[in-house]
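A closer look at the structure
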Amino acid sequence: APTSSTRLADRFPPGFVWGAATAAYQIEGAAAEDGRAPSIWDTFSRVPGRVHAGDTGDVATDHYHRYREDVALMAELGLGAYRFSIAWARVRPTGSGPANAAGLDFYDRLVDELLAHGVDPYATLYHWDLPQALQDAGGWGARDTSARFADYARLVAARLGDRVRDWTTLNEPWCSAFLGHGSGVHAPGATDQELSLRANHHLLLAHGLGVAALRAELPAGHRIGITLNPAAVRPLSDRPADLDAVRRVDGLANRIHLGPLLRGEYPADVLRDTASVTDWAFVRDGDLAEIARPIDVLGVNYYTPLLVGGAEDDGTGTARAAGLRDDGHGASGYSPWPACADVRFAQVPGERTAMGWGVDPSGLYDVLSRLRAEAPGLPLMVTENGAAYEDRMDPTGAIEDVERTAYIAAHVAAVGRAVDDGVDVRGYFVWSLLDNFEWAYGYTKRFGIVHVDFATGRRTPKRSARWYAAVIAGNRVPEAEPASDGLGSID
Ligand code: GBH
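Residues numbered from 1 in each chain as written. Predicted model: local features only at pLDDT ≥ 70, side-chain atom pairs only at ≥ 80, totals over all residues. Heavy atoms only, no water.

Some remarks on the confidence of the model for the protein chain
Close reading of the predicted structure is inappropriate where its pLDDT is low. Mean pLDDT for the protein chain: 93, with 92% of residues reaching 70 or above. Residue range residues 317-330 is modelled with pLDDT below 50. Its contacts to residues more than four positions away, or to other chains, number 39 contacts. Predicted confidence for residues 484-491 stays below pLDDT 50, and this span has 19 contacts to residues more than four positions away or in other chains. (pLDDT = per-residue confidence, 0-100. Contact = heavy atoms within 4.5 Å.)

Have a look at this one:
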């Protein structure tokens, strides 16, 4: 089998897309400007105890005002593409009412700025920031929210579709459904397993209706997809109970989305496993055909594998009991996994990032290979991959983030191995361009290849940014470290 050292000498295929990703609530700030209304994250971040230190996205990286500077930075790095999300509550403040011209204008300016700098815009329509007005009407628990999403998709496509070729409906519906409504560590903060499965279905339905709306609005040849966070689920041991835990968690993490999206059906074992939680009456005739509408690309976000075991203690001492995962996702006391109270979750051994997540690039290779097998012919795109580490600025103002650089290098190499093996991976987007609002962790976890001083807004490219610029320039992982000059700090 090819090794990472084979890939170090090889180039990626011509046209391979090298990008960086962000999301609206995590970077924009300007939360009350130009007619933007609150989203569920504005509300949630104000509930005491939900977000570290009471942090909010009110200012974030102030990208709303600094987007020109940020696009200039992207151009300096040589990024071929920039994946950003659109804030629904900026362009249609109450979710279903009139459009807000000033909100649409912002994305219009951003797209023009990107194109003027040779950076291809990749737009995600929903990265977790539901308009609060729609939450007040039932949120993702309400079937009508799916139709409202399709209306919103059409509105944005009508404005940007002449210039944006690449569209993503949803980012990680698993997180919206199960972290938002099961464990409650994300907005809207519900802890109701039945509701999490219902919300998941309505998110999938929103995707399907959104695809139809985008197809109707966009010129032929534009690409439409969805971004999932497919889990590399591994057993604690080969005991039957552990292998069965893998089957169940794989069902709830992966097949609950891949079944409907790729085959127009929920897996029978998932329906059976969750029968004590819901009767699935929210699935109506025709929904699955809607959800299974053809897509052009599947986005993959990957950070860390998921290690699981069945009920009995297998003596490894690595797992905690009761379905609660000590990975820093917030100790709400509620599990995001329905009907899995007996399942134990653990981290892979070895190095951890600042999130407490284990580092294992083979999980990315495994996920890409598995998707090739399950969705033959469907192009894949790594839409997020990256790591939080505790960066230190040295006395000269430089940030030598060697761990992040090594993390990204190892994962890019894993993508290279998948490409070598014939997996149709079209691109890689690092998470994230900028340090930003890391959801329940507030500003304490830094994922950026560019440092942000949250007091002043000052941007400083880290070593990882310079290294990534060299990857992009050569369309390959460089064998030597790039020189540390060339990219200074940008005020
Ligand atoms: C992405 O989510 C987000 O798209 C992005 O906005 C965010 O900033 C970035 O990652 C970094 O967090 O512990 O049971 O929840 C990734 C979220 C992290 C969700 C790992 C699944 C493991 C299962 N994923 N997590 S669990």
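Things to note about the side chain of serine 432
Among the secondary structure elements, serine 432 is positioned in the loop between strand 11 (425-431) and strand 12 (450-452). Engagement of the side chain of serine 432 in a polar contact is seen with the backbone oxygen of alanine 21, the distance being 2.8 Å. (Helix = DSSP H or I, 4+ residues; strand = E, 2+ residues; numbered from the N terminus. Polar contact = N/O pair within 3.5 Å; in protein donor to acceptor, adjacent residues only side chain to side chain.)

What to know about the packing of helix 15 (residues 402-420) against helix 16 (residues 463-474)
Relative orientation of the contacting elements helix 15 and helix 16 amounts to 30°, with a least axis distance of 8 Å. Judged by the angle between their axes, helix 15 and helix 16 are roughly parallel. Of the residues in helix 16, those in contact with Val402, Arg404, Thr405, Ile408 and Ala409 of helix 15 are Arg463, Ser464 and Trp467. Its residues placed into classes, the contact of helix 15 with helix 16 shows four nonpolar, two polar and two charged. (Axes fitted to C-alpha atoms, helices over the stretch in contact; angles between N-to-C directions. Parallel < 35°, antiparallel > 145°, perpendicular 65-115°, else oblique. Nonpolar A, V, L, I, M, F, W, Y, C, P; charged D, E, K, R; others polar.)

Some remarks on the sheet that holds strand 2 (residues 81-85)
Spatial ordering of the closed barrel is given by 1-2-3-4-5-7-10-11, a layout of eight strands whose pairing is parallel. For this sheet the average axis-to-axis angle between neighbouring strands, irrespective of direction, equals 25°. Sheet topology places strand 1 (residues 17-21) next to strand 11; five bridges connect them, and they run parallel. When the bridges of strand 11 are listed, glycine 19 appears paired with phenylalanine 429. Across the sheet, helix 6 (residues 101-116) lies against strand 2 and strand 3 (120-126), angled at about 170° from strand 2, the strand it touches most. (Pairing = 2+ DSSP bridges.)

Quick word on the side chain of aspartate 360
Relative to the elements of secondary structure, aspartate 360 occurs in the loop between strand 9 (344-346) and helix 14 (362-374). Setting aside its immediate chain neighbours within four residues, aspartate 360 contacts Arg234, Tyr302, Pro305, Val348 and His411.

As for unusual backbone geometry
The residue after alanine 187, namely proline 188, is reached through a cis peptide bond having omega 5°. Structurally, the position occupied by proline 188 is in the loop between helix 9 (173-181) and helix 10 (193-217). For the peptide bond that leads from tryptophan 431 to serine 432, omega is 10°, which places it in the cis range. Of note in this structure, glutamate 172 is not a glycine but carries a positive phi near 50°. Within the element layout of this structure, glutamate 172 appears in the loop between strand 4 (166-171) and helix 9. Under the relative-accessibility criterion, glutamate 172 is labelled buried at 6%. (Buried < 20%, exposed > 50% of the residue type's maximum accessible area, 1.4 Å probe, protein only.)

Quick word on the state of the cysteines
All told, the structure shown has zero disulfides when counted by the stated rule. We note that cysteine 340 lacks a disulfide partner, and the nearest cysteine sulfur, in cysteine 175, lies 16 Å from it. A relative accessible area of 1% places cysteine 340 in the buried class. (Disulfide = S-S within 2.5 Å.)

Looking at helix 8 (residues 144-160)
Over its 17 residues, helix 8 runs 25 Å from end to end, which matches the ideal 24 Å to within 8%, given 1.5 Å per residue. Of all the positions in helix 8, only Thr145, Ser146, Arg148, Phe149, Ala150, Tyr152, Ala153, Leu155, Val156, Ala157 and Leu160 are classed as buried. In this structure, the buried residues of helix 8 make contact with helix 5 (88-91), helix 6, strand 3, helix 7 (132-136), strand 4 and helix 10. (Expected span 1.5 Å × (residues − 1).)

Structural notes on the sheet that holds strand 6 (residues 233-235)
A sheet is described by the order of its strands in space; here three strands give the open sequence 6-8-9, paired in mixed fashion. Here the strands that pair on one side only, and so sit at the sheet edges, are strand 6 and strand 9. Ignoring strand direction, the axes of neighbouring strands in this sheet form an average angle of 35°. Pairing of strand 8 (residues 306-309) with strand 9, which is carried by three bridges, proceeds in the antiparallel orientation. From the neighbouring strand, valine 308 faces strand 9, where its bridge partner is phenylalanine 345. The sheet strands contacting helix 11 (residues 240-263) are strand 6, strand 8 and strand 9, and the helix crosses strand 6 at an angle near 170°.

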